[in-house]
Amino acid sequence: MKEYIERAAVEKIIEDGLNNPDKNKAFGHDAIEIMAEIHYMPAADVAEVKHGRWEPGNPICPVCGENKFKDLDADVWADWQPKFCPNCGARMDKEDEHEAG
Ligand SMILES: [Zn+2]
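Novice: Sorry, what's going on with the nonpolar core here?
Specialist: The tendency in soluble globular proteins is for nonpolar side chains to be buried side by side. Among the nonpolar cores identified, the biggest contains 5 residues, and these are Trp-54, Cys-61, Cys-85, Ala-90 and Met-92. With sequence-adjacent residues up to four places away left out, Ala-90 is seen in contact with Lys-50, Val-63, Lys-83, Phe-84 and Cys-85.

In structure tokens form, the structure reads like this:
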């Protein structure tokens, strides 16, 4: 599983390392300390964004394989093109590979 960390928090750790007034420390030693601090910082609670694209006339999400009309009245919602898959949350913003170029 991928882990995500906060950019600003990493920049702060590196900045603190660069501003370390202890001039006797070799740079390599500082880099190892910075690496250790980044390694042990808590991972952010985020999920990777998945991308897909609704195919015309096909209600099946290409990412999770679920029907977007699951639990809905398909007649009422027939033209519904949600920006996100209601089942897995994939973003439906992918370019059509046939038109792209
Ligand atoms: Zn889905």
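Novice: Help me understand the pattern of salt bridges in this model?
Specialist: Side chains bearing opposite charge may pair, as long as their charged atoms lie close to each other. Taken as a whole and assessed by the stated rule, the structure comprises 2 salt bridges. A salt bridge links Arg-53 to Glu-55; the nearest nitrogen and oxygen atoms lie 3.4 Å apart. A salt bridge links Glu-66 to Lys-70, with the shortest nitrogen-to-oxygen separation between them at 3.6 Å. Of the residues examined, Glu-66 reaches a relative accessible area of 32% and is grouped as partly exposed.

Novice: Explain the coordination of the zinc ion here, please?
Specialist: Under ideal tetrahedral coordination, the four donors around a metal are separated by 109.5 degrees; under ideal octahedral coordination, the six donors are separated by 90 or 180 degrees. Of the protein atoms, only Cys-61 (SG), Cys-64 (SG), Cys-85 (SG) and Cys-88 (SG) coordinate the zinc ion, at distances of 2.3 to 2.4 Å. Geometry at the zinc ion is tetrahedral, judged from the 4 donor atoms that bind it and their angles of 105 to 115° at the metal. We note that the donor set of the zinc ion lies within a single chain, spaced as C-x2-C-x20-C-x2-C. Placement of Cys-64 in the segment after helix H2 (27-40) and of Cys-88 in the segment after H2 is noted, with a sequence separation of 24 residues between them.

Rules used throughout
Residues numbered from 1 in each chain as written. Predicted model: local features only at pLDDT ≥ 70, side-chain atom pairs only at ≥ 80, totals over all residues. Heavy atoms only, no water. Core = buried A, V, L, I, M, F, W, Y, C linked by side-chain atoms within 4.5 Å. Buried < 20%, exposed > 50% of the residue type's maximum accessible area, 1.4 Å probe, protein only. Contact = heavy atoms within 4.5 Å. Salt bridge = Lys/Arg side-chain N within 4 Å of Asp/Glu carboxyl O. Donors = N, O, S within 2.8 Å, 3.2 Å for Na, K, Ca; no water. Tetrahedral: all angles 85-135°; square planar, octahedral: opposite > 155°, others 65-115°. Helix = DSSP H or I, 4+ residues; strand = E, 2+ residues; numbered from the N terminus.

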